[in-house]
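Understanding the architecture of this molecule
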Amino acid sequence: MKALKILGIVVVLLIVALIALPFLINVNTFRPTIEAELTTALGRQVKIGNLKLSILSGNLSADDLSIADDPAFSKNAFIQAKGLNVGVEVEPLIFSKTLHVTELTLQEPQVTLLRSTSGKWNFSSLGSNKPNAAKASNSSDSFTQNLAVGKLNIKDGQVSIGDASAPGKTHVYQQVNVTVQNFSFTSQFPFSLATSLPGGGSLNLEGTAGPVNSDDAASTPLQARLKIKDLDLGKSGLIDPASGIAGIADFDGNLIYDGKMAHSTGTANMTKLKLVPKGTPANQSVSLKYAADYDQQKQSGMLKQGDVNIGKALAQLTGSFESKATSTVLDMKLNAQNMPVNDLEAMLPAMGVILPTGSQLQGGTLSATLGITGPLPNIVVTGPIKLADTKLAGFNLGSKMSAISALSGMKSGSDTSIQNFSADLHYAPSGIQTQNINLTAPSLGVVTGSGTISPDNVLDYKMAANVSGTAVTGLAQMANLNTKGGTIPFFVKGTTSDPKFVPDVKGMATGALSGLTKQTGTDSVVNTIGGFFKKKKTQ
């Protein structure tokens, strides 16, 4: 019984001691040392709030934490956290008053990442701008070399990423959670990062990093796997909204960064894709398999592989890109050969291509070799395109071109067959130019010409139909001509959704039919030909 009493007294004394120890050990005496060591090591002013110690959990906590930004970027805090919890080894703290950190957790930190026009980040100088260099260097180097944290956590953080030259243009990432195991400045350490994305979606990054580059933290080596789900391209901040590019993307890729060059490979799947400002989301998914290198110092990269799949249609995109102060500049080539039109037709709205109302392309193939150059969003696309063995279903070219239909005896139908179509394309924000158009339609003949499409899809084309056979016979009989061939010039006006075919009466009167004026007079010829372009009356 007496032994039980003694045991009870001991237990009570231990409990009292555990309760009293936090009061007996004034952990705030460590605060100036911790602040000074961190300030010296990071080269930034570090401030820590009131410290509290829990002996039972071995936890040291602070009310708040702030780390100053690089003064070249901002006078505000680089990191501002509501709370800091530090797991410590209790025995060394009690008996030798030394601090051994086992775990460090930042609660709800707000981190501001800024990039200068030269490509330098505000976190690049962490650890490199050490004050009182001669005296502090040894101390800070010793601190960083000896600092090891078993586990480092960031919980429910907020990261703002912006341009130092444009403070208002920032993109905010919420619910950022980071876990680092066995952290050390001087060795490699595993990490994981998870965050929600602007506009919805999620990002997960897992891998290893380190050792930390003491001259430029942004040059710390890294190997990781990146997974992105439901990324909203238009709201992500990765693409200038003025480019018109939008859609939802899933991504799975790998990244290897040696501190200078980054090599990335992976695949992306995109839905509801839109590629130009006045485009509409496509109902066809697009996949991209890529391999790219990026030079951090030069802010330029090379797309070595860019296999773009739209259904069974395949195109290869390769070339270089460079990050400028306000945009990304492209110099790329798109090589697409014999792509099935049926798989591409659903992508036309995404590229701002509007076909005549009620029509669609069916069958055949599309080939193109295009250069894509200039800054986003003002890129210029140039090169030849070719369609083969396709048809414009739901569009009767004969009824729209009543004069040629009457001259050639072309059969009226609901579709327009296209044996071949080729042109030299020039796309720019100011509009589309197509030169050297050559269209072969079996029921019509060969149509050539050139013209433009405005950003509002207004047509301005000057064309010529080279007709033969019954067309020439009819024309010759009508105009009393003796010829073996004929060319009928005309204009295409209106819009891409409602094109208007207008006769070039002057061109016909002064061109192929000029000889007729000696027999019947120009006015008679004009009136005769003009009548052919009037729309046929339905019976």
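Everything discussed here concerns the structure shown above.
Now for a look at the structure at hand. For clarity, every value in this text was computed on a predicted model and none was experimentally measured. (Residues numbered from 1 in each chain as written. Predicted model: local features only at pLDDT ≥ 70, side-chain atom pairs only at ≥ 80, totals over all residues. Heavy atoms only, no water.)

1. A closer look at the overall build of the protein
Selection criterion: Runs of H or I in DSSP of at least four residues are treated as helices and runs of E of at least two as strands, each being numbered from the N terminus. Note on classification: 1.4 Å probe, protein chains only; a residue is buried when its accessible area is under 20% of the maximum for its type, exposed when over 50%, partly exposed between these limits. What makes two residues a contact is simply this: any of their non-hydrogen atoms within 4.5 Å. Surface accessibility in these figures is a Shrake-Rupley result with a 1.4 Å probe; residues are shielded only by whichever protein chains are displayed.
Across its full length, the protein holds 10 helices and 28 strands. For the protein, buried positions account for 40% of its 539 residues. Look at the contacts in the protein between residues 6 or more apart in sequence, and 50% of them connect residues 24 or more apart. For the protein, the exposed area adds up to about 28,300 Å²; of that, 57% sits on carbon and sulfur atoms.

2. Quick look at the pairing of strand 11 (residues 189–196)
The cut-off we apply is this: Each pair of strands is called paired provided DSSP finds at least two bridges between the two strands.
Note: strand 11 against strand 12 (residues 202–209), eight bridges, orientation antiparallel. Within strand 12, the residue paired with phenylalanine 189 across the bridge is alanine 209. Two successive antiparallel strands, strand 11 and strand 12, enclose a turn made up of five residues, where glycine 199 displays a positive phi of approximately 85°.

3. Some words on the pattern of salt bridges
The line we're drawing: By salt bridge we mean one thing: a side-chain nitrogen of Lys or Arg within 4 Å of a carboxyl oxygen of Asp or Glu.
Taken as a whole and assessed by the stated rule, the structure comprises nine salt bridges. Between lysine 82 and glutamate 108 there is a salt bridge, with the nearest N and O atoms lying 3.3 Å from each other. With lysine 82 in the loop between strand 5 (77–81) and strand 6 (83–88) and glutamate 108 in the loop between strand 7 (101–107) and strand 8 (110–115), this residue pair connects regions lying 26 residues apart in the sequence. Among the residues examined, lysine 82 registers a relative accessible area of 57% and is labelled exposed.

4. A short note on a nonpolar patch on the surface
So the rule is basically this: Patches here are clusters of residues that have more than 30% relative accessible area and form no salt bridge, with a 9 Å joining cutoff for like charges and a 5 Å cutoff for nonpolar side chains (Val, Leu, Ile, Met, Phe, Trp, Tyr).
On the surface, Leu275, Met351 and Val353 cluster together into a nonpolar patch covering about 210 Å² of accessible area. Turning to its location among the elements, methionine 351 is positioned in the loop between helix 5 (341–344) and strand 20 (360–362).

5. Considering helix 2 (residues 31–42)
Test applied: By definition here, a helix of n residues has an expected span of 1.5 Å times n minus one.
In a regular helix each residue adds 1.5 Å, so 12 residues correspond to 16 Å; helix 2 covers 16 Å between its end C-alpha atoms and thus fits that length. All of the buried residues in helix 2 are Ile34, Glu35, Thr39, Thr40, Ala41 and Leu42. Just past helix 2, the residue glycine 43 takes up positive phi, approximately 70°.

By themselves, these are just geometric observations and shouldn't be taken as functional.
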